[in-house]
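A closer look at the structure
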Amino acid sequence: MTLALQVSSAWPYTNILNPHLLESSFSLSLQTLLCLKNISAAMAVVAELSSSSSYIKSTRLDTSQLSISSTHLSYLRRQTFRPVTRPRDATITCSVASDQVQAPVAVQVADPKPKNDCYGVFCLTYDLKAEEETKSWKKTINIAVSGAAGMISNHLLFKLASGEVFGADQPIALKLLGSERSFEALEGVAMELEDSLFPLLREVKIGINSYELFQDADWALLIGAKPRGPGMERAGLLDINGQIFAEQGKALNAVASPNVKVIVVGNPCNTNALICLKNAPKIPPKNFHALTRLDENRAKCQLALKAGVFYDKVSNMTIWGNHSTTQVPDFLNARINGLPVKEVIKDQKWLEEEFTEMVQKRGGVLIKKWGRSSAASTAVSIADAMKSLVTPTPEGDWFSSGVYTTGNPYGIAEDLVFSMPCRSKGDGDYELVKDIIFDEYLLQRITKSEAELLAEKRCVAHLTGEGIAVCDLPEDTMLPGEM
Ligand SMILES: NC(=O)C1=CN([C@@H]2O[C@H](COP(=O)(O)OP(=O)(O)OC[C@H]3O[C@@H](n4cnc5c(N)ncnc54)[C@H](OP(=O)(O)O)[C@@H]3O)[C@@H](O)[C@H]2O)C=CC1
Ligand SMILES: O=C([O-])CC(=O)C(=O)O
């Protein structure tokens, strides 16, 4: 919106710094500052804005425009200012000659509809339809990301912004959710996004309020979660993280696009996804996914290594069940060069024991080497999971995703989020693959993972609206990253 102001030296520029006005990012034209008399006065203001105010996060001055971007509402709250309801984005223009002195006049609000908060360069307005190169682009989609200052996001956001997932004609808006703790880091992330000059990245918003950040989200990538600390019981982790995902489910239900696609990454991701969907009754349960694509990718890699082929020759790889050490990498239905795995790798013992355990515990082995959990490969797998939903699945193949079991054709207990084989037409939706074969070994392993998820579900009953929680989790299972 536009605020028309007449500015004079009698209107001290410190008013510009009024935190109530600074409720959101705004820009001042250089011309406005020239009202303060001359260019050196303007430069002095810039210097002072930069140095004296802790809530001014960056200033930029070029020959035509000074933009001061700062200020998230929540950030201001931390500065103990109590923001009042103000226009969110203001352009202050000056209509007086630089040497004129005038008394301040009343602020006129030209457009009462507030524009969303935005970060830095992403506050500039643009018209995609006005440019030849962007005229044919699709409508901008909103992608909300939680845990946006974390390690996985740090890889993922740049892949999304590059156009790798949605293509070169799909502009995107990133809505980055952090917390009090991570707000500064989130600003760092936003600055790096600014400096990357991605043509497709049209909007970036950062904040700590899921109801603001999830507004009209077309995709929600829920990555933020508390890691399991030393001495923490799995039941404790389920409860702490479950509360985060219950809250985020409510926020999605209230403000996201009704057909939002949700990918839950934060662990324990299957049960977090179940909690999230139970708290979002307006969104189809089918739209919720728990990320098991990393497990699929890990399994493909190990089969390729054993068979002595490159990993692009491995297809039809299903991960069944929970993203935990009970997950089942299905070598019965997988293929190498189009042939059943068992025709290529004849070592059944290796498949049942070494291969299976290697995939289940790959995350933990990596943590031992790296000193931190898989971040880059997880980001790649999130991008893969999204691409699998927005591009048609190649004929005869499928991908794995943790999805809602109700109506599944495999006899898996209803009302869980369970990794299963899916195919997509590329419309964001998926269907479960029907022609799957089972043997005793596979069924037994699937049953173990199912039992674990049923136990997790009982343990979070207080978060899914199903009564009192009872935690009888199996002792011998862990997250992939735990050792
Ligand atoms: N499904 C899968 O295949 C995989 C899942 N994961 C899981 O993804 C999640 C994120 O991993 P990664 O990015 O490496 O982790 P990081 O620790 O780098 O970042 C995670 C973010 O989670 C948020 N967070 C931390 N503690 C809490 C808390 N108590 N409450 C709310 N949020 C918290 C923090 O953001 P903020 O302070 O902004 O809230 C932090 O930035 C983890 O749960 C991890 O186990 C990891 C690898 C694979
Ligand atoms: O347990 C973790 O946090 C890491 C994880 O999920 C994985 O590597 O698959």
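Residues numbered from 1 in each chain as written. Chains lettered and ligands numbered in written order. Predicted model: local features only at pLDDT ≥ 70, side-chain atom pairs only at ≥ 80, totals over all residues. Heavy atoms only, no water.

Focus on the pattern of salt bridges
What the rule picks out here adds up to 17 salt bridges. In this structure, the salt-bridge partner of Asp-312 is Lys-313, at a minimum N-O distance of 3.3 Å. With a relative accessible area of 52%, Asp-312 lands in the exposed category. Notably, a salt bridge pairs Arg-458 with Asp-472, separated by 3.2 Å at the nearest N-O pair. Note that Arg-458 is positioned in helix α13 (residues 440–459) and Asp-472 in the segment after α14 (461–464), a separation of 14 residues in sequence. Note on Arg-458: relative accessible area 37%, which makes it partly exposed. (Salt bridge = Lys/Arg side-chain N within 4 Å of Asp/Glu carboxyl O. Buried < 20%, exposed > 50% of the residue type's maximum accessible area, 1.4 Å probe, protein only. Helix = DSSP H or I, 4+ residues; strand = E, 2+ residues; numbered from the N terminus.)

Observations concerning the environment of Phe-418
With respect to the element layout, Phe-418 can be found in strand β19 (residues 417–423). A C-alpha to C-alpha distance of 9.9 Å links Phe-418 and Ile-446, two positions 28 residues apart in sequence. The contacts of Phe-418, once residues within four sequence positions are left out, are Asn-270, Trp-320, Gly-321, Ser-401, Gly-402, Val-403, Thr-405, Ile-412, Ile-446, Ser-449, Glu-450 and Leu-453. (Contact = heavy atoms within 4.5 Å.)

Quick look at the pairing of strand β11 (residues 261–264)
Burial of β11 is two-sided: the residues Lys-261 and Ile-263 facing one way and the residues Val-262 and Val-264 facing the other way are all buried. Relative to β11, strand β10 (residues 219–222) runs parallel, the two being bridged by four bridges. Its bridge partner being in β11, Ala-220 is matched across the sheet by Val-262. Crossover connection from β10 via helix α7 (residues 234–255) to parallel β11: handedness right-handed. Strand direction decides the pairing type here: β11 and strand β12 (residues 288–290), joined by three bridges, are parallel. Bridging across to β12, Val-262 finds its partner in Phe-288. Once you follow β11 into helix α8 (residues 269–278) and on to β12, the crossover reads as right-handed. (Pairing = 2+ DSSP bridges. Right-handed = clockwise from strand over helix to strand, strands pointing away.)

Details of the nonpolar core
Grouped together as the largest cluster of nonpolar side chains are 58 residues, with contacts concentrated most on Ile-143, Leu-160, Leu-174, Leu-176, Leu-193, Val-204 and Trp-320. When near neighbours in sequence (up to four residues on either side) are disregarded, Leu-193 contacts Phe-122, Leu-157, Phe-158, Ala-161, Leu-174, Leu-176, Phe-198, Leu-201 and Val-204. (Core = buried A, V, L, I, M, F, W, Y, C linked by side-chain atoms within 4.5 Å.)

Regarding the UniProt feature "domain: Lactate/malate dehydrogenase N-terminal" (unreviewed entry) in the chain
Under the UniProt annotation, the feature "domain: Lactate/malate dehydrogenase N-terminal" (unreviewed entry) is placed at residues 142–289. The span residues 142–289 is 41% helix and 19% strand, and its two end C-alpha atoms sit 18 Å from each other. (UniProt positions renumbered as here; feature names shortened; annotations may be inferred.)

Let's talk about the packing of aromatic side chains
Evaluation of the coordinates by the stated rule reveals nine aromatic pairs. Relative to Tyr-410, the ring of Trp-320 lies with its centre 5.0 Å away and its plane at 90°, an arrangement referred to as edge-to-face. Taken together, the residues span a long stretch of sequence, with Trp-320 in strand β14 (residues 318–320) and Tyr-410 in the loop between β18 (399–404) and β19 at a distance of 90 residues. Comparing Trp-320 with Tyr-410, the two get one shared label, buried. Among the aromatic side chains, those forming a connected cluster through ring pairs are Phe-331, Trp-350, Phe-355 and Tyr-441. A cation over a ring is seen here: Lys-286 above Tyr-430, with NZ or CZ 4.8 Å from the ring centre. Above the plane of the ring of Trp-370 lies Arg-372, whose end atom (NZ or CZ) is 3.7 Å from the centre. (Phe/Tyr/Trp six-rings, centres within 6.5 Å; stacked < 30°, edge-to-face > 60°. Lys NZ or Arg CZ within 6 Å of the ring centre and 35° of its normal.)

Section: the environment of Ser-196
Locating Ser-196 in the fold gives a position in the loop between α5 (183–195) and β9 (201–207). For Ser-196, a relative accessible area of 32% corresponds to the partly exposed category. In this structure, the C-alpha to C-alpha distance between Ser-196 and Tyr-211, residues 15 residues apart in sequence, is 28 Å.

Some details on the pairing of β10
The two faces of the sheet receive side chains in turn, since in a regular strand these alternate between them. Side chains of β10 alternate between two faces, with Trp-219 and Leu-221 and Ala-220 and Leu-222 buried alike. Here four bridges tie strand β7 (residues 141–146) to β10, and the two strands are oriented parallel to one another. For Ile-143, the partnering residue across the bridge sits in β10 and is Trp-219.

Quick look at the sheet that holds strand β16 (residues 335–336)
Here we have three strands laid out as an open sheet, ordered β13-β16-β17, and antiparallel in their pairing. Edge strands, defined here as strands with exactly one partner in the open sheet, are β13 (314–315) and β17 (339–340). As paired elements, β13 and β16 share two bridges and run antiparallel to each other. Within the sheet, the bridge partner assigned to Ser-315 lies in β16 and is Arg-335.

Overview of the packing of α7 against α8
Here α7 crosses α8 at 40°, and the two axes come no closer than 7 Å. As α7 runs across α8, the sense of the crossing is right-handed. Residues Leu-238, Asn-241, Gly-242, Phe-245, Ala-246, Gln-248, Gly-249 and Leu-252 of α7 form the contact with α8, whose participating residues are Thr-271, Asn-272, Ile-275 and Cys-276. Class assignment for the residues of the contact of α7 with α8 results in six nonpolar, six polar and no charged. (Axes fitted to C-alpha atoms, helices over the stretch in contact; angles between N-to-C directions. Left-handed = near helix turned anticlockwise from the far one by under 90°. Nonpolar A, V, L, I, M, F, W, Y, C, P; charged D, E, K, R; others polar.)

Considerations on the site of ligand 2
Every residue near ligand 2 is listed here: Asn-267, Leu-294, Arg-298, His-323, Gly-363, Ser-373, Ser-374, Leu-479, Pro-480 and Gly-481. Between ligand 2 and His-323 there is a distance of 2.7 Å, counted from an oxygen atom to a side-chain nitrogen or oxygen. When the free accessible area of ligand 2 is taken as 270 Å², the share hidden by the protein chains comes to 82%. Class assignment for the residues of the shell around ligand 2 results in three nonpolar, six polar and one charged. (Near = heavy atom within 4 Å. Polar contact = N/O pair within 3.5 Å; in protein donor to acceptor, adjacent residues only side chain to side chain. Areas by Shrake-Rupley, 256 points an atom, 1.4 Å probe, with all protein chains shown as cover.)

A few points about the UniProt feature "domain: Lactate/malate dehydrogenase C-terminal" (unreviewed entry) in the chain
The feature "domain: Lactate/malate dehydrogenase C-terminal" (unreviewed entry), as annotated in UniProt, sits at residues 292–462 in this numbering. Secondary structure content for residues 292–462 is 46% helix and 16% strand, and the end C-alpha separation is 25 Å.

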